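# A structural walkthrough
Single-letter residue listing:
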Amino acid sequence: MSETYTGKNIQVLEGLEPVRKRPGMYIGGTGKPGLHHLLWEIVDNAVDEATNGYATQIDVTLHKDGRSITVTDNGRGIPVDEHPIKKLPAIEVILTTLHAGGKFDSSNYITSGGLHGVGASVVNALSEELVATVKRDGATWEQRYERGKPVTKLKKVSASSRGTGTSIFFRPDADIFETVDFDGTLIGENLETKTYLNGALRIAFRNEVTGERHEFHHEGGIEEFLSHKMKVAGARPVHPDPFVLRQESMQDGARVEVSLHWTESPRESLFSYVNGIPTPDGGTHEQGLKDAIRSAVRSYMDTHDLLPKKLEISAEDIREGVMGIVNLFMVDPQFQGQTKEKLNNPEIKSIVSGSVRIELEQFLNRHPSTGEAIATRVIQSAKARHASRAAANSVRRKSNVSHRLNLPGKLADCSSTSPEESELFIVEGDSAGGSAKQGRDRTTQAILPLRGKVLNAEQATLKKVMENKELSNVVQALGCGVGDQLDLGQLRYHKVILLMDADSDGHHISTLLLTFLYRYMKPLIEEGFVFIAQPPLYRIDAAKQTYWALDDEDRERITKEIQKKNRNTKIELQRFKGLGEMMPQTLKDTTLDPAKRRLLQVSIPDAERFVTEQTISELMGKDASARFDFIMNNVDEVQDLDV
Ligand code: 28G
């Protein structure tokens, strides 16, 4: 037990054993998000050193093994002088003591706090190997650790140094993490976001796995961030310039940056951050912003006589189509919620709403054509919302009359009436639908073939979506309503399985269906009712045995294995052009039969929700291969079929 540097604020400190015993308590979990938390932790420290004015450049390298990383900043360098009580170098205390180093609790520093900022020591504890290098006072120092324990003393490795700074190399512990492979794309996206949120910052990212190199620097800050997000989402603005607010020295020394733009998109997308760290669950800063938008726009419409008499306008109507960024800087953020990603400081709500409300109303008054465009947009969404509610209600009434009466004509229903054992296969095309109908178990498996075009729900209101025959058929078959009328208790099948060809058209339809389900029937995904079937692409016959391969990689693996057993085995290969040409029995054996098939469950991993939320709106309307990646990255394997 010890105290912090200055000795002013005594703090209870612990060793690192608790971190290795219960990693989840410190980084949220040991899956992919937890692994990447280690990196955000180190990067945030470097960013803190930059936002406090001491560093200008951060370099991140994902090494060739894909599982180790070096982060370097050109800040002051972590102090190496001896700790007065522990008689150890300061850096060693910081890296081996939980919550050590005033950096994370001194009121002189604005830092991330919450789940982040628990410190480099946590990263150290959970790394097989960590090497810290510091350039300071004209010399270069180095110390190595394994699983949080120093394996060398702090050594002066060079009596000279060019400049100052800190460098941390770490390789996460494969005994702790379910996966230790870093995701270069995710890392790149996160690093770029940091540079949008700190306009002065430069981050260079080198990915030695792919050989790529990126330099991120966005002087335009959140304004540029917002216009970038609008571009990738394909959201058309309804007024020329965004509302931008940079409010310095608010109460308690807090500072806020806000950027807002109303668009034609049928939804609201707010991205909130505290000290540059995402808060996907929002919190008091986001609530303050929402309150401010509602009251500023309402007051503007009121004073300019733009409020229609007979139309009820809700806060959601006012915010529909808004894309916005809020980044709050404050000294002692408190977080709550399961993943500690929701800001909880109660005083923040009124601080943020107060300044944003005044400035936003002033902005509208100073730009009357923008004000009017926003008012028109608000009235349009109020009207659309009333129309959508009516449409959803009528769909619900129709499917509720009796469970069986209003089912779509194309549905080949199962005979069971118990949702727990019932499955709905949504199948692409009539011919595949025919094979599926013949190959199914008609007691528990229902088939709904899709024939026409599936609408891209990302760009459409619920009313438009319900006018799409294919999607309204899906809703009718499921029986549980849609949008805010959804009632999972009425769901007719507890497995909703998308069965598409293994080609790009098939993936495209899957994406469109998933986008619809995600936007308008999200609880279905959240509760794990949605799956993707995996029909094989190849049939392989060898030595009187039949094997099924999902893709080319699978096929190569299987043929190699066959040849390993016997070099001379004759191998016969058949490639399926589509589900339609597969024999019903084959479809049953490979894809339908619960005992033999392989399903992917679609999930929205908690910690990845934020990314998903962005990714969906960012990718829809962009190229098909990107959408395809999104789906595959977000499905978990349920069963594995041994070949
Ligand atoms: C490269 C990867 C991650 C860092 C610094 C710099 C200082 C520091 C870090 O101090 C202890 C607490 C407050 C003084 C501070 C250097 C003051 C003077 C620092 C990083 C002692 C922590 N000189 N750069 N920590 N402080 N970069 N990059 O972690 O009282 S951590």
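One structure accompanies this document, and this report is about it. Small disclaimer: the values here were computed from a predicted structure and weren't measured.

Here we come to the overall build of the protein chain. Tallying secondary structure elements over the protein chain gives 20 helices and 25 strands in all. The 643 residues of the protein chain split such that 54% are buried. A separation of at least 24 residues holds for 69% of the contacts in the protein chain among residues at least 6 apart in sequence. Accessible surface, the protein chain as shown: approximately 29,100 Å² in total, 47% of it carbon and sulfur.

Around the ligand sit 18 residues in total, of which V71, D73, R76, G77 and R136 are the nearest. At a separation of 2.8 Å, a nitrogen atom of the ligand approaches a polar side-chain atom of D73. Residue R136 places a side-chain N or O atom 3.0 Å away from a nitrogen atom belonging to the ligand. In the complex, the protein chains occlude 87% of the 640 Å² of accessible area that the ligand would expose alone. Elements represented by at least two residues in the shell around the ligand include exactly α3 (32–51), β2 (69–73) and β7 (165–172). The element contributing the most residues to the shell around the ligand is α3, with four residues. Within the shell around the ligand, the residues separate by chemical class into eight nonpolar, five polar and five charged.

Let's shift gears to the sheet that holds strand β10 (residues 243–247). Judged by pairing direction, the sheet is mixed, and its five strands sit side by side in the order β10-β11-β14-β12-β13 without closing on themselves. In this open sheet, the two strands that pair with only one neighbour each are β10 and β13 (277–278). Contacting β12 (269–274), β13 and β14 (322–329), helix α6 (residues 184–197) runs over the sheet at an angle of about 75 degrees to β14. Its contacts with the sheet place helix α7 (residues 221–233) against β10, β11 (255–262), β12 and β14, and it is angled at close to 150 degrees to β14.

On to helix α17 (residues 552–565), then. With 14 residues, α17 ought to run about 20 Å at 1.5 Å a step, and its terminal C-alpha atoms sit 20 Å apart, in line with that. Every buried residue belonging to α17 is among D554, R555, I558, T559 and I562, and all of these are buried. Along the axis of α17, the buried residues cluster in a sector spanning 125 degrees; they form a single face. Facing away from the buried side of α17 by more than 90 degrees, the exposed set consists of E553, K560 and K564. On its buried face, α17 is in contact with β21 (538–542), β22 (545–549) and β23 (571–575).

What follows covers the sheet that holds β23. Taking strand neighbours across the sheet as the criterion, the three strands line up as β22-β21-β23 in an open arrangement whose pairing is antiparallel. Pairing within the sheet leaves two strands with one partner each, and these edge strands are β22 and β23. Within this sheet the neighbouring strands show an average axis-to-axis angle of 20 degrees, counted without direction. When β21 meets β23, the two strands line up antiparallel, connected through five bridges. Its bridge partner lying in β23, A542 is registered against I571. Together, β21, β22 and β23 form the strand contacts of α17, whose direction differs from that of β22 by roughly 150 degrees.

Here we come to the nonpolar core. In this structure, L39, V60, I69, V71 and F170 are the most contacted members of the largest nonpolar core, which totals 48 residues. A per-element tally of this core places α3 first, with nine residues. One finds A392, I426, L471 and I532 within the second-largest nonpolar core, a separate group that totals 45 residues.

The next subject is unusual backbone geometry. For N275, which is not a glycine, the phi torsion comes out positive at approximately 50 degrees. Looking at the secondary structure, you find N275 in the loop between β12 and β13. By relative accessible area, N275 is classed as buried at 9%. The phi dihedral of D305 falls on the positive side, at around 55 degrees, and the residue is not glycine. Along the polypeptide, D305 turns up in the loop between α8 (284–303) and α9 (315–319). With relative accessibility at 64%, the residue D305 sits in the exposed group.

A word on the packing of α6 against α7. Close contact between α6 and α7 brings their axes to 7 Å; oriented N to C, the two are set at 135 degrees. The angle between α6 and α7 places the two elements in the oblique class. The segment α6 lies against α7, with T193, Y196 and L197 engaging G221, I222, E224, F225 and H228. Residues of the contact of α6 with α7, tallied by class, amount to four nonpolar, three polar and one charged.

Here we come to the packing of aromatic side chains. Tallying each qualifying case throughout the model produces six aromatic pairs. Ring centres 4.6 Å apart and planes at 15 degrees place the aromatic pair Y196 and F225 in the stacked group. In this pair, Y196 sits in helix α6 while F225 sits in helix α7, placing the two residues 29 residues apart along the sequence. Between F516 and Y520, the aromatic rings sit 6.2 Å apart at their centres with planes inclined by 35 degrees, giving tilted as the arrangement.

With 13 residues, α7 extends 18 Å between its outermost C-alpha atoms, agreeing within 8% with the 18 Å of an ideal straight helix rising 1.5 Å per residue. G234 sits one or two residues past α7 and shows a positive phi near 65 degrees.

Scoring rules and cut-offs
- Residues numbered from 1 in each chain as written.
- Predicted model: local features only at pLDDT ≥ 70, side-chain atom pairs only at ≥ 80, totals over all residues.
- Heavy atoms only, no water.
- Helix = DSSP H or I, 4+ residues; strand = E, 2+ residues; numbered from the N terminus.
- Buried < 20%, exposed > 50% of the residue type's maximum accessible area, 1.4 Å probe, protein only.
- Contact = heavy atoms within 4.5 Å.
- Areas by Shrake-Rupley, 256 points an atom, 1.4 Å probe, with all protein chains shown as cover.
- Near = heavy atom within 4 Å.
- Polar contact = N/O pair within 3.5 Å; in protein donor to acceptor, adjacent residues only side chain to side chain.
- Nonpolar A, V, L, I, M, F, W, Y, C, P; charged D, E, K, R; others polar.
- Pairing = 2+ DSSP bridges.
- Axes fitted to C-alpha atoms, helices over the stretch in contact; angles between N-to-C directions.
- Expected span 1.5 Å × (residues − 1).
- Arc of directions from axis to C-beta.
- Core = buried A, V, L, I, M, F, W, Y, C linked by side-chain atoms within 4.5 Å.
- Parallel < 35°, antiparallel > 145°, perpendicular 65-115°, else oblique.
- Phe/Tyr/Trp six-rings, centres within 6.5 Å; stacked < 30°, edge-to-face > 60°.

All we've got here are geometric facts, nothing functional implied.
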